[in-house]
Amino acid sequence: MKISELLGKTHRDNPAEVELDSHKLMLRSAMIYQVGAGIYGYLPLAWKSLRKIEEIIRQEMDSAGSQELRLSILQPKELWDKTGRTDAFGDDLFTLTDRKGRTLVVAPTHEEELTAIVKAHVSSYRDLPKILYQIHTKFRDEPRSRGGLMRVREFDMKDAYSLDVSNDGLDSSYKKMVQAYKAIYKRCGLEVIQVEADSGAIGGKDSHEFVLLADSGEDAIVICEGCGYAANIEKARFSRVDYSTNGQSELKEVNTPQITTINGLTSFLDIPTHKTIKTLCYVAREELILVVIRGDLEVNEVKLKSVLGASEIRLASPKDIEKHGLSKGYISPVGINGFRVIADESLLLGNDFAAGGNKNEVHLINVNYPRDFKADDVSDLAQATEGQGCIKCTDEKLKIKKGIEVGHVFKLGDSFSKSIGATFADESGSLKPIIMGCYGIGLGRLLAAAIEQHNDEDGIKFPVAIAPYQVHLIAIDAGKPEISEMAKQVQLDLEQAGLEVLYDDRNESVGVKFKDADLMGMPIRIVVSLRNLKDNVLEVKARDSDQPEKVPCESFVEKVKSLLTERGFYDLKG
Ligand code: ATP
Ligand code: MG
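Definitions and limits used
- Residues numbered from 1 in each chain as written.
- Chains lettered and ligands numbered in written order.
- Predicted model: local features only at pLDDT ≥ 70, side-chain atom pairs only at ≥ 80, totals over all residues.
- Heavy atoms only, no water.
- Helix = DSSP H or I, 4+ residues; strand = E, 2+ residues; numbered from the N terminus.
- Buried < 20%, exposed > 50% of the residue type's maximum accessible area, 1.4 Å probe, protein only.
- Contact = heavy atoms within 4.5 Å.
- Areas by Shrake-Rupley, 256 points an atom, 1.4 Å probe, with all protein chains shown as cover.
- Lys, Arg positive; Asp, Glu negative; His and termini not counted.
- Charge placed at Lys NZ, Arg CZ, Asp CG, Glu CD.
- Pairing = 2+ DSSP bridges.
- Axes fitted to C-alpha atoms, helices over the stretch in contact; angles between N-to-C directions.
- Parallel < 35°, antiparallel > 145°, perpendicular 65-115°, else oblique.
- Left-handed = near helix turned anticlockwise from the far one by under 90°.
- Core = buried A, V, L, I, M, F, W, Y, C linked by side-chain atoms within 4.5 Å.
- Domains from an automatic or database assignment.
- Nonpolar A, V, L, I, M, F, W, Y, C, P; charged D, E, K, R; others polar.
- Near = heavy atom within 4 Å.
- Polar contact = N/O pair within 3.5 Å; in protein donor to acceptor, adjacent residues only side chain to side chain.

Visitor: Looking at this model, I keep getting lost on the overall build of the protein chain. Mind explaining?
Guide: In terms of regular secondary structure, the protein chain is built from 16 helices and 33 strands. Taken over the C-alpha atoms alone, the protein chain extends approximately 95 × 65 × 50 Å along its principal axes. Counting all 574 residues of the protein chain, 53% fall into the buried class. Within the protein chain, contacts between residues at least 6 apart in sequence are counted, and of these 71% link residues at least 24 apart. For the protein chain, the accessible surface area stands at approximately 26000 Å², while carbon and sulfur atoms represent 48% of it. Placing the 75 positive and 89 negative side-chain charges of the protein chain at their respective mean positions leaves the two points 2 Å apart.

See the structure below:
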């Protein structure tokens, strides 16, 4: 491909108000064009790279025994009502109305349709197990699209679905997918970690995300450097400090004028925060719920949502609190009835707490659980913070890092098959719901993440397997016939060796051409010049090295191949 003919011009300067490196570099190297908020067109360079990512994913999915199919993007809303996900997706769901007035969902993901197809085509245990996948466009009306291809409203995803007769079967399909994902990231040149993830309000058990650690990431990842435990903060467990002492003192009221916060209470009573209990009022499905946690910890709303099985929750407003006859700033579950109480496990790790007295300007001291109140559920609700103890190895202190989620695997269980009625007859003929898993990788986000992880101040440094071209060929004095002849020959030789070449044939200065080569980031740069021609050499340089090398014209193809081999190209091509 000649750069003079390539669609799109490079830009020297960083675009204004763009945060992410990958976004800046993709705009500057003319890979993407923004059509609207969170909507992009892919220019030829991006598309070439995305096609390579797609092929790597396809090869790994196929070799894991998965079958490719293709589902529709427009789907009847009724299908989504069956699983309750019209509400669960809420405003993120794009819908449209057809000429007959029927509402269609513009699919943000495909569990519903896939399960409906499976219902029609799987009837017996003999038809299982299966793993099905597609690579197709998804639409989500994201509230905050940002960062180029990182979070967009229209994007391509590889989504796969496993179908099994049992949880053991699911475990084995899940393992296969995890292996395939690891192979995909490796081949794409991404260093990722696998972390425990929240499995959402839909139900299901295990879930993992594949995360690339980066300061620009939106996800907070809790990591133990001792044992390797890693989890999204939405899910991360940790070992709570046990502050219990012997004995339980007598429950007492104390007057606490104008004390409405935990900080106020601790200084007023001169006690540490872990000697207090915080009660938060949340509303889920119109119900007011009391959420109780030790004062030194914070509630993590994603954990709370999954304990409540609710897709939407909110903190109660002062009005809600008043309506239920509660005294804001003085609430606790002690001595009041009629509310569901959800407690964090930390209540078991302390005694003689101070808590609200359910009267204005009154608190209680020496509150003990379960002596003084009952909870409907005691669960892990607390947010992990830096420095807390690891749940697995307990002695190490947890660290929190930022990360980009580049894939998600999820044991769904039978929630979708039950709501859509996808069953199979087991060996004794009785009907059972199919046990499902789902597995997603966003292609554009993967490309953006790869650039986020592989760049320097001059530009992109493409991993070899997903570079649009392996070689960036520069001709100095490209107008001179002997140079253009030579360049043509170099390109031909490389192409005959199965390599792809981007040829800068423009009448630009050497400086501009070198800058563009660094910006566009192909793994190998080759320079053809009169001086080199005289010495019968070419200058060859890898993008990730500072050392250009003069290589005899007879052996440059071998040199390029060996540089690519060192970077894993031939192993990673599949
Ligand atoms: P996030 O938490 O980042 O919104 P998600 O949990 O909604 O992601 P899934 O529904 O599990 O994502 O989708 C699977 C994969 O699709 C993600 O791991 C990511 O790679 C990609 N993806 C999801 N949403 C977007 C988006 N808005 N733009 C680009 N890629 C996306
Ligand atoms: Mg999302």
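Visitor: Honestly, the sheet that holds strand β5 (residues 94-97) in this entry has me stumped. Any pointers?
Guide: Across a sheet, strands are paired by hydrogen bonds formed along the backbone, either parallel or antiparallel in direction. Here we have three strands laid out as an open sheet, ordered β4-β6-β5, and antiparallel in their pairing. Taken across any chain shown, the strands that pair with only one partner, and hence form the sheet edges, are β4 (74-76) and β5. Between one strand axis and the next, the sheet turns by 40° as a mean value, whatever way the strands run.

Visitor: Could you clarify how one ought to interpret the sheet that holds strand β32 (residues 537-542) in this entry?
Guide: Sheet architecture is open: five strands sit in the order β30-β29-β31-β32-β33, paired in mixed fashion. Every interior strand has two partners, whereas the edge strands, β30 (501-504) and β33 (549-552), have only one. Between one strand axis and the next, the sheet turns by 30° as a mean value, whatever way the strands run. Where strand β31 (residues 524-528) and β32 come together, four bridges link them in antiparallel fashion. Residue pairing in the sheet places R525 in a bridge with K541 of β32. The strands touched by helix α13 (residues 510-520) are β29 (471-475), β30 and β31; relative to β29, the strand with the most contacts, the crossing angle is about 175°.

Visitor: What is the right way to look at the packing of helix α2 (residues 44-63) against helix α6 (residues 167-187) in this model?
Guide: The description of two packed helices rests on the angle between their axes and on the distance between the axes. Orientation of α2 relative to α6, taken along the N-to-C sense of each, is 150°, at an axis distance of 9 Å. The angle between α2 and α6 falls in the class roughly antiparallel. In this structure, the crossing between α2 and α6 has a hand that is right-handed. Across from I56, I57, Q59, E60 and M61 in α2, the residues of α6 making contact are M177, A180, A183, I184 and R187.

Visitor: In this structure, what is going on with unusual backbone geometry? I would like to understand it.
Guide: Trans is the common state for peptide bonds, and a negative phi is the common state for residues other than glycine. Across the junction of L128 and P129, the peptide omega takes the value 0°, indicating a cis bond. Within the fold, P129 resides in the loop between α5 (111-121) and β7 (130-139). The backbone phi angle of A30 is positive, close to 55°, even though this residue is not glycine. Mapped onto the secondary structure, A30 falls in the loop between α1 (21-28) and β1 (32-36). Using a relative accessible area of 10% as the deciding quantity, one classes A30 as buried. One non-glycine residue, E286, adopts positive backbone phi at about 70°. Locating E286 in the fold gives a position in the loop between β15 (277-284) and β16 (287-294).

Visitor: Looking at this structure, how should I read the nonpolar core?
Guide: Within soluble globular proteins, side chains that are nonpolar generally end up buried alongside one another. By size, the foremost hydrophobic cluster in this structure holds 89 residues, and its most contacted members are M31, L494, I526 and V560. Examining the composition of this core, we find that eight residues originate from one element, α6, more than from any other. Here this core spans two domains, since at least three of its residues come from each of domain 1 (48-216 + 403-452) and domain 3 (469-573). Residues in contact with V560, not counting those within four places in the same chain, are V471, L494, L499, I524, I526 and V540. In this structure, I233, I289, L308 and A310 belong to the second largest nonpolar core, which totals 25 residues.

Visitor: What am I meant to see in the packing of α2 against helix α11 (residues 443-453) here?
Guide: Contact pair α2 / α11: the axes reach a minimum separation of 10 Å and the direction vectors enclose 110°. Between α2 and α11, the interaxial angle falls into the category roughly perpendicular. When you trace α2 past α11, the crossing you get is right-handed. Seen from α2, the contacting residues are A46, S49, L50, I53, E54 and I57; seen from α11, they are L443, G444, L446 and L447. The residue inventory of the contact of α2 with α11, partitioned by class, reads seven nonpolar, two polar and one charged.

Visitor: Mind showing me how you'd approach the site of ligand 1 here?
Guide: Taken together, 15 residues form the shell around ligand 1, and within it E142, R151, V152, E405 and R445 come nearest. Contact distances for ligand 1 include 2.9 Å between a nitrogen atom and a backbone N or O atom of V152. Within the backbone of G407, one N or O atom sits 3.3 Å away from an oxygen atom of ligand 1. Alone, ligand 1 offers 580 Å² of accessible surface; in the complex the protein occludes 82% of this. At the level of elements, β8 (154-164), β23 (399-413) and β26 (435-442) are the ones that each hand at least two residues to the shell around ligand 1.

Scope: geometric values only; no functional claims are made or implied.
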